[in-house]
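Structural characterization, general
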Protein chains: 2
Amino acid sequence: MDLRVEKTKGSIANAFLSLRGRKPLEKITVKELCQLARINKSTFYTHYPDIFALSAALEREVVEAILADIPHPEGIFEHTEAFTQDLFRACNARSALIQTLFSGSREGRLIETLEAGLKELAFQRRPEYRQDPASHIVLSFVIYGGYYAYRKNLDCGLERVVDLVGRLSRQVGDFFPPGAEEQP
Amino acid sequence: MDLRVEKTKGSIANAFLSLRGRKPLEKITVKELCQLARINKSTFYTHYPDIFALSAALEREVVEAILADIPHPEGIFEHTEAFTQDLFRACNARSALIQTLFSGSREGRLIETLEAGLKELAFQRRPEYRQDPASHIVLSFVIYGGYYAYRKNLDCGLERVVDLVGRLSRQVGDFFPPGAEEQP
DNA sequence: AGAAAAGAGTTGGATAAACGACACAAGACG
DNA sequence: CGTCTTGTGTCGTTTATCCAACTCTTTTCT
């Protein structure tokens, strides 16, 4: 990528995160962002249509980085337990960033973006599942289940939650391919 | 100034000072500077002919900043004592920067650049002295005198040196216009 | 409500910076 | 010694960014 683009996007991201740490997304103006990032307003618009698109792009990037950080992504089906644990680890390593990026009105975007990323990862491994509605259901089930099991039970201790969710995920993993049940 | 130029020069300066803090000027290559500053080599050459010119430019800038920091530069002749004290203060506020920029082979450049800046300041106040050799002599005398009185007697305590140099400067200031002596 | 200020987005033209290639010089190394 | 690497400095082309000006919308203030 062009060095100029890299630097520009970097300073936009920095400025955005700095502002986002102090105020909700909808109160951030393009003008102040550009002043902080020391770029021209028109330069911002060559990269993002508006602030929300910028936030969405950064959200996707974080999720991408999280998934790229998992040692053995190919084990998403075969070693679901280890995969889940690595996923939690990768998220934990970015807790501060996640907190600022996904706070306020962006609360629900983390799990949604994660779901999309995880499904993409899964379907790259098993393309034949992509058109199978049952696979989508099972994946959504385990992803959202794991997420909210985590969110709603933090007081149980992180390790315990991760351990249990990991084992539950493995159980669910045994259901694949889910469509098979319907044609015995 | 164009925002692009500002940012480029800024990152060049930062990279240079960072390198300069670790190695002598003549060991700094254009290549590593550009890598650190994250700019293209050709961009460097559009601003500076070589590393030495860069260093010289930064040296001048520091001296400019020091002089611009003196509350009442117009008092260079009438209130030499206060002027001297303010000058020492302004230098002290940049001691770290000065140390890295004027170390090694650049040792002597601080006082030389300071002399040029102070003379320029003086001659802007009294343009009629600019062509007068005697004025140059007296100014060089007081500037270098003050500088080395400071450098060679740091163990006497800063305040004492500044106080004495300030009073001496005032004595010398009374000699102006120096050419007058020769035509009684 | 109505004026004034501030922000959103767009556009056209100017230009700084990036890129890649090049010839050349200097130092390292076997 | 020759070769090989590393850095220097330049050039032509492409492109990202800047800038200034503009309209339109939103917010703020009285």
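Before going into details, it helps to say that this report is about the structure given with it. (Residues numbered from 1 in each chain as written. Chains lettered and ligands numbered in written order. Predicted model: local features only at pLDDT ≥ 70, side-chain atom pairs only at ≥ 80, totals over all residues. Heavy atoms only, no water.)

Quick look at the protein's contact with DNA strand C
Near DNA strand C, the surroundings consist of 22 residues, among which Lys 31 and Lys 41 of chain A together with Thr 8, Thr 43 and His 47 of chain B are the closest. When atoms of DNA strand C within 4 Å of the protein are split into backbone and base, the sugar-phosphate part holds 68%. Between Val 5 of chain B and DNA strand C, the recorded distance is 3.4 Å, taken from a backbone N or O atom to a phosphate oxygen. Among the secondary structure elements, those contributing two or more residues to the surface near DNA strand C are helix 1 (3-20), helix 2 (30-37) and helix 3 (41-47) of chain A together with helix 1 (3-20) and helix 3 (41-47) of chain B. The residue inventory of the surface near DNA strand C, partitioned by class, reads six nonpolar, seven polar and nine charged. (Near = heavy atom within 4 Å. Polar contact = N/O pair within 3.5 Å; in protein donor to acceptor, adjacent residues only side chain to side chain. Helix = DSSP H or I, 4+ residues; strand = E, 2+ residues; numbered from the N terminus. Nonpolar A, V, L, I, M, F, W, Y, C, P; charged D, E, K, R; others polar.)

Side note on the protein's contact with DNA strand D
In the neighbourhood of DNA strand D, 21 residues make up the surrounding shell, with Thr 8, Thr 43 and His 47 of chain A together with Leu 3 and Arg 4 of chain B lying closest. Of all atoms in DNA strand D that approach within 4 Å of the protein, 65% are sugar or phosphate atoms. Between Val 5 of chain A and DNA strand D, the recorded distance is 3.4 Å, taken from a backbone N or O atom to a phosphate oxygen. Here Thr 8 of chain A contributes a side-chain N or O atom positioned 2.4 Å from a phosphate oxygen of DNA strand D. The set of elements that each furnish at least two residues to the surface near DNA strand D consists of helix 1 and helix 3 of chain A together with helix 1, helix 2 (30-37) and helix 3 of chain B. Looking at the surface near DNA strand D residue by residue, the classes come out as six nonpolar, seven polar and eight charged.

Remarks on the interface of chain B and chain A
It is common to give the size of an interface as the accessible area that goes away when the parts come together. Each partner contributes to the interface: chain B provides six residues, whereas chain A provides six residues. Contact between chain B and chain A buries roughly 530 Å² in total, counting both sides, with carbon and sulfur atoms accounting for 44%. It is Leu 3, Lys 7 and Arg 38 of chain B that lose the most area in chain B upon contact with chain A, and together they represent 80% of the buried surface on that side. Inspection of the region where chain B meets chain A yields two salt bridges. Note that Glu 6 of chain A is salt-bridged to Arg 38 of chain B, the shortest N-O span being 2.6 Å. Where chain B meets chain A, there are four residue pairs in polar contact (both at pLDDT 80 or more). In terms of residue class, the side of chain B that touches chain A is made up of two nonpolar, one polar and three charged. (Contact = heavy atoms within 4.5 Å. Buried area = accessible area lost by both parts, 1.4 Å probe. Salt bridge = Lys/Arg side-chain N within 4 Å of Asp/Glu carboxyl O.)

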